[in-house]
Amino acid sequence: MLGKKDLIVLLSICNLLEKSQFTNIERIKKETAVNSEIYNIKIGKSIIYSIIKKLEELDIISSRLVSHGNKSGVVKNITVTDAPVSMLSKIEDLLSRI
C-alpha cells in the first residue's frame, strides 16, 4: 500500500506527465516540493529517491537512462507504466481522504 508521501510523489509525476511523455528526477523534486506544501507534509530529497525506487519496484512507473551525447551526462527518464496519467491523477482524491 502506498502512503501519503508515496502518493504525493506519484501525483507529482502524473502532473508532469500530463504535459510530456517522460519526466526526470529534477523536475519531480521541484513538483514534489510544491505538492508537499499543498498537502502540508515534508518530503526530503533523499526520500524522493527511495519513493521513486519503490514505485519502480511496484511497476507503477518505469525509467531508463538516456545519454545526451559526449560529456553531457546521463538523465534518468521516468514514465508511468501501462496506465493513463489522467486516471492516476485521481490520487488527489485519495490524498484528501488520508
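The structure under discussion appears in the preceding block.
Calculation rules
Residues numbered from 1 in each chain as written. Predicted model: local features only at pLDDT ≥ 70, side-chain atom pairs only at ≥ 80, totals over all residues. Heavy atoms only, no water. Helix = DSSP H or I, 4+ residues; strand = E, 2+ residues; numbered from the N terminus. Buried < 20%, exposed > 50% of the residue type's maximum accessible area, 1.4 Å probe, protein only. Polar contact = N/O pair within 3.5 Å; in protein donor to acceptor, adjacent residues only side chain to side chain. Contact = heavy atoms within 4.5 Å. Salt bridge = Lys/Arg side-chain N within 4 Å of Asp/Glu carboxyl O.

A closer look at the environment of Leu 17
Here is step 1 of the chain: Following the sequence through the fold, Leu 17 ends up in helix 1 (residues 4-17).
Here is step 2 of the chain: Given a relative accessible area of 8%, Leu 17 falls into the buried group.
Here is step 3 of the chain: Considered as a pair, Leu 17 and Thr 79 are 62 residues apart in the sequence and their alpha carbons are 7.2 Å apart.

Regarding the side chain of Asn 24
Here is step 1 of the chain: Within the secondary structure layout, Asn 24 lies in strand 1 (residues 23-24).
Here is step 2 of the chain: There is a polar contact of 3.1 Å between the side chain of Asn 24 and the backbone nitrogen of Glu 26.
Here is step 3 of the chain: A distance of 2.9 Å separates the side chain of Asn 24 from the backbone nitrogen of Arg 27, its partner in a polar contact.
Here is step 4 of the chain: Excluding residues within four positions of it along the chain, Asn 24 makes contact with Val 75 and Lys 76.

So, the pattern of salt bridges
Here is step 1 of the chain: Summed over the entire model, instances satisfying the criterion amount to three salt bridges.
Here is step 2 of the chain: In this structure, Asp 6 engages Lys 54 in a salt bridge whose closest nitrogen and oxygen atoms are separated by 2.8 Å. In this pair, Asp 6 is assigned in helix 1 and Lys 54 in helix 3 (residues 45-57), connecting sequence segments 48 residues apart.
Here is step 3 of the chain: Judged by its relative accessible area of 30%, Lys 54 falls in the partly exposed class.
Here is step 4 of the chain: Here Glu 26 makes a salt bridge to Lys 29, at a shortest N to O gap of 3.0 Å. Of this pair, Glu 26 and Lys 29 both sit in helix 2 (residues 25-38), separated by three residues, roughly a single helical turn.

Everything listed here is a matter of geometry and, on its own, says nothing about what the molecule does.
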